Amino acid sequence: MRLFTLCALVLAACDGDSDTDLDLDTNVDTEADTSTDSEVDTDVMVVGDGTAYTLDVSDSASWVYFDLDTGAEVTPADPADASDWDLAFQQFTVHVNGGSNGTGGVEVVALNGEYNAWGSYGDGYPESGWATDSDTTGAVMSGWYSYDSTTHVVSPGDVRYFVRSTEGDVYELRILDYYDEQDNPHVMTFETAIRPGE
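Now for a quick tour of the structure. Residue indices follow the written sequence of each chain, beginning from 1 at its first position. A pLDDT threshold of at least 70 governs which residues receive local features in this predicted model, and a stricter bar of 80 or more applies before side-chain atom pairs are shown or counted, although totals over entire chains, interfaces and linings include all residues. Side-chain figures throughout are based on the complete set of non-hydrogen atoms in the structure, without hydrogens or water.

Now for the sheet that holds strand 6 (residues 93-96). Between any two strands, pairing holds if DSSP finds at least two bridges. Numbering of helices and strands starts at the N terminus; helices are DSSP runs of H or I of at least 4 residues and strands are runs of E of at least 2. Spatially, four strands are ordered 4-3-5-6 in an open sheet, and the strand pairing comes out antiparallel. The two strands at the open ends of the sheet, each matched to only one other strand, are strand 4 (72-74) and strand 6. Averaged over all pairs of adjacent strands, the angle between their axes in this sheet comes to 35°, without regard to strand direction. Two elements, strand 5 (residues 87-90) and strand 6, share four bridges in a ladder whose sense is antiparallel. Within strand 6, the residue paired with Ala88 across the bridge is His95. Angles run from 0 to 180 degrees between N-to-C directions of axes, and those axes are lines fitted to C-alpha atoms, restricted for helices to the stretch in contact.

Bringing the pattern of salt bridges into the picture now. By convention in these notes, a salt bridge is any Lys or Arg side-chain nitrogen within 4 Å of a carboxyl oxygen on Asp or Glu. Summed over the entire model, instances satisfying the criterion amount to six salt bridges. The partner of Glu172 in a salt bridge is Arg195, and the shortest N-O contact between them spans 2.7 Å. Residue Glu172 is found in strand 11 (residues 170-179), and its partner Arg195 is found in the segment after strand 12 (185-194); the two are separated by 23 residues along the sequence. The same class applies to Glu172 as to Arg195, namely buried. We note a salt bridge from Glu191 to Arg174, for which the minimum N-O separation is 2.9 Å. Of this pair, Glu191 sits in strand 12 while Arg174 sits in strand 11; the two residues are 17 residues apart in sequence, bridging distant segments of the chain. The residues Glu191 and Arg174 share a single accessibility class, namely buried. Within this structure, Asp49, Glu114, Arg160, Glu172 and Arg195 form a network of salt bridges that share partners. Think of it in three bands: with a 1.4 Å probe and only protein chains considered, a residue is buried below 20% of the maximum accessible area for its type, exposed above 50%, and partly exposed in between.

Following this line, the structure appears as structure tokens:
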């Protein structure tokens, strides 16, 4: 059932409009379970040729760190100077371990308008366009979502990414969902697949 839900979400991804002033307290589904249980295990699921991971990113005071190479959530002793994480999540913000947010050298290529072109590079990846987080340009993955200011719903934006990890491996990545099965926000599901090059 979850695979069907994820596939339906991928097909229904919204346009790229975004608004950083998010009000997620309004739930448009009045029949939804309003449970406040925030205990969400990291779920792993195979989707197509990728693997989907689900993380609870609801704590506005803490970052959730993820290592693409091990496919696991990690707790770095000093995130600013650690090489054991690639991505950091906090509610709707995504940072990479590079540039202004870490010393891991993580770089990203953002392919706008290509959400549904998953796998179009085969085992390869783009040769140019690599960037990292910066104090001047912001978080390189900030365009991952689309926000509907009428319904207050966050959906994946029309973008997919290639991420070069701290180990130098390249992963194709896209966000699949931002809600759990009861429509509670701040539950990030994303898909990755290693792309070793051709």
